[in-house]
Amino acid sequence: MRVASFLHPRVTTALLLGLVSTPFLSLGQGRGTGGGRWSADGRTLLAVDNGGIVRTDVVTGQSTVLVPTAQLKRPDVRTGDTPAPLPVADFEFSRDSSKVLLFTNTARVWRYNSRGDYYLLDRASGTVRRVGAGQPGQSLLYAKLSPDGSRVAYVSRNNIYVEDAANPGKATALTTDGTRKRINGTFDWVYEEEFGCRDGFRWSPDSKQIAYWQVDATNIRDYLMINTTDSVYSRVIPVEYPKVGEAPSPTRIGVVSASGGATTWLQIPGDPQQHYLTRMEWVPTGNTLIIQQLNRKQNSSILFLGQPTGSVTPIHRETDAAWIDAKARWNGGDPSGWEWLDGGKSFLWVSEKDGWRHLYRITTNGKTETLLTPGQYDMAKINRIDEAGGYVYFTASPENPIQRYLFRVRLDGKGKLERLTPAGQVGTHDYNVSPNGRYALHSFNSHQQTPVREWVQLPDHKVVRPLGGSVGTRPGRDVRFFTVTTADGVTLDGWMVRPANFDSTKKYPVVFHVYGEPASVTTNDVFSAGSNNLFAGDMAKAGYCYVALDNRGTPNLKGAAWRKSIYRQIGRLNIRDQAMGARKLFEQHNWLDTSRVAVWGWSGGGSTTLHLLFQYPEIYKTGIAIAAVANQLFYDNIYQERYMGLPQENREDFVAGSPITYAKNLRGNLLYIHGTGDDNVHYDNAEVLVNELVKHNKQFQFMAYPNRTHGISEGEGTTEHLRTLYTKFLTEHCPPGPR
C-alpha cells in the first residue's frame with residue numbers, strides 16, 4: 001500500500017478474566033480505546049495504567065487494580081532479584097484469569113512493533129517467567145495462550161513453538177524448516193504490507209491443534225538495500241520482494257497437533273503461485289476451518305471450509321470486473337477474526353457486488369444469504385456485532401461521503417437503518433462499542449471541531465463521562481469544503497484554506513496536496529484537513545491558498561463504480577481528474593495566481609505529483625514529490641496487479657501509467673526526495689527517474705536521505721531537515737503572498 005508509514009500496535013485476541021475478548025487497535029485505527037479491552041458486561045475496560053493492569057468502570061471512571069506494578073517485573077537470571085517493572089505493551093489473561101501473558105521490549109518488523117519478549121505471570125504465586133527462554137532475546141512474535149490456558153504458542157525465527165504454561169521455557173517445535181524465506185506462522189513483506197496479514201497461526205477451540213500459514217518465498221528475488229553509513233564497508237540488506245509481474249510466493253495452510261508431529265496440509269485447489277490465502281480462522285464450534293482464497297488478479301474470491309484431515313469444500317464464490325477488497329480495507333488494516341453468528345452457523349460478509357459496500361448474512365453452508373444494509377450507500381467498517389441484542393453497529397455516511405457516523409441495523413435483515421450519532425454533530429465520528437451495545441467510547445472531530453473523546457450510552461447517545469475536548473469548539477482556521485464539477489462531468493470533493501487577510505482584488509499562489517491512488521483519501525472532514533506538517537510555519541499566514549481534491553479511484557464512500565473506475569488507469573484517469581479540477585477552480589476563483597501553482601505528495605501522492613508536473617506543465621509550475629513510484633513495474637505484485645492487472649497481459653497500461661514515461665516534459669521546478677532504505681517504494685525508483693531527467697537535460701533538485709525508510713523519520717534531525725528543505729524550496733520557487 002503506497003502510503004507513508006504509520007505504526008500500529010500489536011493486535012491480539014484475548015480471553016480476559018473469563019470474559020469476552022476484544023481485539024485492540026489504537027484510536028487512529030478506529031476500534032480502540034487508547035489502550036484497553038471491554039469486559040463482557042460492556043461496563044468496564046481493561047488497560048495498562050501507570051505500569052499496572054487496571055479495570056475501569058466506563059461510567060464512573062473508578063479503577064480497580066487487577067495486576068499491580070509490583071507483579072510486572074522480569075526476573076534477574078543472575079541473582080533472582082526482580083528489579084525494574086516490565087514496560088508492558090500488551091497483555092492477555094487466561095480464561096480463568098490465573099495467568100497473564102505480557103508483551104514487552106518490542107521492536108519493528110517492517111512497519112509494526114510485532115517482535116519482542118514475552119513473560120508469563122502466575123497471579124497466585126507472583127512468579128514471572130520468560131516465554132521462549134531458549135530463543136534469542138526480542139525474537140518472539142504473536143505469542144498467545146491456548147483457549148484452555150494450558151499452553152502458550154509463539155513464532156521465533158520463522159518457526160512455531162509451544163510451551164506448557166505451567167513450565168514456560170521448555171519448548172516443543174511444531175515446525176523446524178523455517179528460514180528467512182520459508183516462513184511459518186507469520187508472513188513475508190508483501191502479505192503484511194498489502195493484506196495486513198501478520199499473525200499467521202490460530203489455536204483450535206479445543207486447544208489441541210494449531211492451524212498456520214506457511215509462505216515459501218524461496219523463489220522470490222531479493223531487493224538489495226545497501227547501508228553505507230554504519231560501518232567502514234557497506235552492508236547489504238536483502239528483502240524478499242515480489243515485483244509486479246512476478247508470481248506470488250506459494251502459500252499453504254496446515255494443521256498440526258499442539259503436542260507436535262506431522263503437519264496435514266489443506267488441499268486447497270488451484271496453483272498456489274496464482275492465488276493468495278488472505279484469511280483463515282477456526283469455526284467457533286467443532287473442528288473446522290474457514291479460509292478465503294483470492295486469485296492472483298484479486299477479482300475472484302472463494303470461501304472454503306477445511307477439515308484437519310486436509311479436505312476442503314467451497315461454500316461461497318464472488319467475482320468482480322476489477323478487484324475484490326480484502327478485510328483490511330474495512331477493518332482498520334487488520335484482517336484477523338471472523339464475524340460469526342449463531343455459534344458459527346452463519347457469519348457477516350462484506351461485498352460490493354451490487355455496486356455498494358454492503359453487509360450480508362451468510363449461512364456457513366453457503367446456502368442462504370441475506371442483505372442487511374440495502375440502499376445506495378457504503379458501509380465504512382463494522383464497529384460491533386451485538387448478537388444478543390440483535391444488531392450490528394457500523395460506520396457509514398449515506399448523505400455525505402467525506403464524513404462518518406454510527407448506524408445500526410438488525411441482524412435478521414428486518415427493520416430500517418437507524419442512525420445513532422446526533423444530527424447536530426457534523427463531521428467524522430468513531431466508536432468503540434461495548435460487546436452488548438450499551439456503551440461506546442466516542443471520538444469526534446471535523447475541520448471546525450477539535451477532537452473530542454467521551455463515553456456515551458447507546459442507543460440514545462447520552463454522554464455518561466467526558467474524557468477531553470469540547471463539542472462546539474471552533475479553531476481559527478478558514479477551511480472550506482466544496483465540490484467542483486470538471487469539464488468531463490466528474491464531481492470532485494475538495495477543501496480549500498484561503499490566505500489570511502484575504503483580498504479578492506489580489507492574486508495568491510495555490511499549493512495542491514495530492515494522493516490520488518486507491519489506498520487513501522485527502523478530503524475527509526477531519527480536524528487535520530487543511531494542515532501541512534511539512535511547512536515550517538502557517539501556510540495561510542504566509543499567503544498561500546492550500547487545496548486538496550479527491551479524484552475518481554480514491555476510496556471515498558461514493559460507490560464501487562467511483563472507486564474501481566481507476567482499474568488499469570492509474571497515472572491517467574486520476575491525473576486528468578486532478579488537472580481538470582484545478583482548471584475549474586481557476587475559472588471559479590480569478591484571484592488564484594496561475595503563474596504560481598505548486599503540488600506536492602508522498603508515496604502514491606508523490607507519483608501523482610510527478611505525473612501532474614510532467615503531463616500538465618502548463619498548469620503545475622512547482623512540485624515536491626516524496627518517496628514516489630517512478631515506474632509501476634518496480635512496485636510489488638499484490639498492490640500493482642490488484643489495480644492494474646498483469647503486465648504480461650497489458651504492459652502498455654503500466655508504461656502509460658508511470659511518471660518516468662513523461663519525465664521528458666518537465667518544464668517547472670521539481671524537488672524529488674527519497675530514503676535509500678525504503679523497503680516499500682524502493683530507491684531504484686529515484687535513480688531511474690534521475691537518469692531519465694538527466695538524459696533529457698532537465699534540471700531539478702534531488703535529496704536522498706541515507707538509510708531512511710518510507711516514512712523518512714529515522715535519524716537525528718531528519719524531520720526538521722525535511723521540513724526546512726520542503727519549506728525553502730516551496731517559498732523560493734512558488735513565492736507566497738498577494739500580488
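Residues numbered from 1 in each chain as written. Predicted model: local features only at pLDDT ≥ 70, side-chain atom pairs only at ≥ 80, totals over all residues. Heavy atoms only, no water.

## Structural notes on the sheet that holds strand β21 (residues 289–295)
Ordered by their spatial adjacency, four strands build an open sheet running β20-β21-β22-β23, and the pairing between neighbours is antiparallel. A strand with exactly one partner marks an edge of an open sheet, and here the two such strands are β20 (275–282) and β23 (312–319). For this sheet, the mean angle separating the axes of adjacent strands, direction not counted, is 20°. As paired strands, strand β22 (residues 300–306) and β23 are joined by seven bridges and run antiparallel to one another. Within the sheet, the bridge partner assigned to Ile302 lies in β23 and is Arg317. (Pairing = 2+ DSSP bridges. Helix = DSSP H or I, 4+ residues; strand = E, 2+ residues; numbered from the N terminus. Axes fitted to C-alpha atoms, helices over the stretch in contact; angles between N-to-C directions.)

## Focus: the packing of helix α6 (residues 637–644) against helix α7 (residues 647–656)
Axis separation between α6 and α7 bottoms out at 11 Å; the angle between their running directions is 80°. The angle between α6 and α7 places the two elements in the roughly perpendicular class. Counting all contacts with α6, which are made through Gln640, Glu641 and Met644, the residues of α7 involved are Pro647, Asn650, Asp653 and Phe654. Taken together, the residues that form the contact of α6 with α7 break down as three nonpolar, two polar and two charged. (Parallel < 35°, antiparallel > 145°, perpendicular 65-115°, else oblique. Contact = heavy atoms within 4.5 Å. Nonpolar A, V, L, I, M, F, W, Y, C, P; charged D, E, K, R; others polar.)

## Comments concerning the UniProt feature "domain: Peptidase S9 prolyl oligopeptidase catalytic" (unreviewed entry) in the protein chain
Under the present numbering, the feature "domain: Peptidase S9 prolyl oligopeptidase catalytic" (unreviewed entry) in UniProt falls on residues 539–732. Along residues 539–732, the helical share is 42% and the strand share 18%, with 14 Å between the first and last C-alpha atoms. (UniProt positions renumbered as here; feature names shortened; annotations may be inferred.)

## Looking at the nonpolar core
Counting 90 residues, the largest nonpolar core has Phe512, Val547, Phe614 and Tyr620 as its most contacted members. Counting residues per element, this core draws most heavily on helix α4 (residues 573–588), which supplies seven residues. Those residues within four positions of Phe614 in sequence are excluded, and the remaining contacts are Pro659, Tyr662, Ala663, Asn665, Leu666, Leu670, Leu689 and Leu693. Judged by nonpolar contacts, the second largest core, of 28 residues, contains Val479, Phe535, Ala598 and Ile712. (Core = buried A, V, L, I, M, F, W, Y, C linked by side-chain atoms within 4.5 Å. Buried < 20%, exposed > 50% of the residue type's maximum accessible area, 1.4 Å probe, protein only.)

## Comments concerning the sheet that holds strand β31 (residues 418–419)
Ordered by their spatial adjacency, four strands build an open sheet running β28-β29-β30-β31, and the pairing between neighbours is antiparallel. The sheet terminates laterally at β28 (379–386) and β31, the two strands that pair on one side only. Looking at chain direction, β28 and strand β29 (residues 391–396) are connected through six bridges and run antiparallel. Paired with Ile385 across the two strands is Val392, which belongs to β29.

## Details of the pairing of β28
Within β28, seven of the eight residues are buried, leaving the element largely enclosed by the surrounding structure. Between β28 and the antiparallel strand that follows it, β29, lie four residues; Gly390 among them carries a positive phi value of about 85°.

## Brief notes about the pattern of salt bridges
Per the stated rule, a full pass over the model turns up 38 salt bridges. Salt-bridge contacts for Lys144 lead to Asp199; the nearest nitrogen and oxygen are separated by 2.8 Å. Here Lys144, found in strand β9 (residues 140–145), pairs with Asp199, found in the loop between α1 (189–195) and β14 (201–203); they are 55 residues apart in sequence, far enough to count as distant. The partner of Lys327 in a salt bridge is Glu339, with the nearest N and O atoms 2.7 Å apart. (Salt bridge = Lys/Arg side-chain N within 4 Å of Asp/Glu carboxyl O.)

## Focus on the side chain of Asp593
Inspection of the secondary structure puts Asp593 in strand β40 (residues 592–602). A polar contact is formed between the side chain of Asp593 and the side chain of Arg596, at a distance of 2.8 Å. The contacts of Asp593, once residues within four sequence positions are left out, are Lys507, Tyr508, Pro509 and Arg739. (Polar contact = N/O pair within 3.5 Å; in protein donor to acceptor, adjacent residues only side chain to side chain.)

## Overview of the UniProt feature "domain: Dipeptidylpeptidase IV N-terminal" (unreviewed entry) in the protein chain
UniProt's entry tags residues 94–448 with the feature "domain: Dipeptidylpeptidase IV N-terminal" (unreviewed entry), counted in the numbering of this structure. Counted over residues 94–448, helix gives 2% and strand 46%. Its end C-alpha atoms are 44 Å apart.

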